Amino acid sequence: MSRHANALIVGVLSIAAGIAVAAQSGQPAAAPDWAYGYLGPLTSSDRIAPPCPPTAKPFPDCAYVGGNPPDGDVKRTLPGTSLSFSRNEVFADFGPADWYPEDHPPMPPIVARGKEAEGVRPCSLCHYPNGQGKMENGHVAGLSAAYILSQLEAFKSGARKSADPRKANTNEMAGIARSLTPEEAKAAAEYFAAQSFRPWVKVVEAEEAPGVRRTQNGLFLAVPGAAPIPLNGRIIEMAADAERMDTMRDPRTGFITYVPVGSVAKGEELAKTGGGGKTMQCALCHGPELKGSPAAPPIAGRTASYTMRQLWDMKQGTRKSPIMAPVVAKLSLEELTALTAYVASRQP
């Protein structure tokens, strides 16, 4: 989202004191806070997403709003392009700069520029022009147009909400969905459906992850020299290149996902067997390689943060899904974490 440089930057030694205490006492986490961009549970001091009634403008009324960084006008470049942009240009709320226009078809206006008068920021700002998306939002490349349209309707109707009240960009997405004309929704859906989702995540089994800071909307970025974070059953996911993703909004750099040791194998067993009746085999709907089917979207290789958010939201009932609700109902947080690690590790 725009203005990431004014994110709530917290050193790893000071974030999630509550999680550290819980980990020392052996208490399991009650929710996957990491999937929503936090390393600790909701507290009374946390910033809560602003309300987003139907009369509100998606931006700025429904979003966390920050300012421009001191060096925001400094021109930068990236490998593989002759273009150069400043950070303010690549994070412009209405018409962000496009590093690699050759990587995608011509963008429809709603994808490229949005609708400033109505406070509708463009799809490309968060999901990137190539639709790859990031851990704090969604991955729309390669989804069918029909599925994208169905999810816009779910946001619009209130059937798709966040279980974590701190997550503002879910509310903004609902506001955007309400503001789109049928023609704009169709244009955006067909544009992203025409692009393939490419490998985006590297899964690493480990006992701990590098120390991180978080941006305003929940993107984790490694902090050089910071103390490592014990996973303690969690997944910690971060940009593969913090500078290129956070400062330059590079749509070609992906994520490193640190998952608990043994979780991929545990998740694979759940996905392939259903865990002895606890859940269903994922391939029954999502296809043998989890690359999608006429009945369900592709899920292989997406960020673990995104996948876990959807599973947890469905389990909590904030994302309505008559098909998925019984699938996740009996799964523990540990089992959902393992399943998420496995799904993220698959090739898209």
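For the structure itself, look to the data block above.
Draft legend 1. Fine view of the overall build of the protein. Scanning the protein from terminus to terminus reveals 13 helices and nine strands. Relative to a compact globule of 348 residues, whose C-alpha radius of gyration would be 20 Å, the protein shows 19 Å and is just as compact. For the protein, with 348 residues in total, the buried portion stands at 54%. Summarising the internal contacts of the protein: among those between residues at least 6 apart in sequence, 67% fall at separations of at least 24. As displayed, the protein offers around 14800 Å² of accessible surface, 58% of which is attributable to carbon and sulfur atoms. When the 36 basic and 33 acidic side-chain charges of the protein are each reduced to a single mean position, those positions are 3 Å apart.

Draft legend 2. Structural detail: the nonpolar core. Counting 53 residues, the largest nonpolar core has W34, V212, F220, I236, M238, L290 and L336 as its most contacted members. Those elements giving two or more residues to this core turn out to be β3 (201-206), β6 (220-222), β8 (236-239), β9 (255-260), α9 (263-273), α11 (304-316), α12 (325-328) and α13 (333-345). Apart from residues no more than four positions distant in its own chain, L290 is found in contact with C282, A283, P298, I299, A300, Y342, V343 and R346. Among the nonpolar cores identified, the runner-up in size contains 19 residues, and V120, A174, I176 and A188 belong to it.

Draft legend 3. Local environment of the environment of Y38. Checked against the element boundaries, Y38 lands in the loop between α1 (17-25) and β1 (75-77). Its relative accessible area of 11% is what places Y38 among the buried residues. Sequence separation between Y38 and I236 is 198 residues; the distance between their C-alpha atoms is 9.9 Å.

Draft legend 4. Quick peek at the sheet that holds β9. An order of β3-β9-β8 is seen for the three strands of this open sheet, with the pairing classed as mixed. Every other strand in the sheet has two partners, leaving β3 and β8 as the edge strands with one partner each. Put simply, the sheet's adjacent strands are angled 20 degrees from each other on average, direction ignored. Pairing analysis gives four bridges linking β8 to β9, with the strands arranged antiparallel. Within β9, the residue paired with I236 across the bridge is Y258.

Calculation rules
- Residues numbered from 1 in each chain as written.
- Predicted model: local features only at pLDDT ≥ 70, side-chain atom pairs only at ≥ 80, totals over all residues.
- Heavy atoms only, no water.
- Helix = DSSP H or I, 4+ residues; strand = E, 2+ residues; numbered from the N terminus.
- Rg over C-alpha atoms; globule rule 2.2 N^0.38 Å.
- Buried < 20%, exposed > 50% of the residue type's maximum accessible area, 1.4 Å probe, protein only.
- Contact = heavy atoms within 4.5 Å.
- Areas by Shrake-Rupley, 256 points an atom, 1.4 Å probe, with all protein chains shown as cover.
- Lys, Arg positive; Asp, Glu negative; His and termini not counted.
- Charge placed at Lys NZ, Arg CZ, Asp CG, Glu CD.
- Core = buried A, V, L, I, M, F, W, Y, C linked by side-chain atoms within 4.5 Å.
- Pairing = 2+ DSSP bridges.
- Axes fitted to C-alpha atoms, helices over the stretch in contact; angles between N-to-C directions.

Any functional reading would require information beyond the geometric quantities listed.
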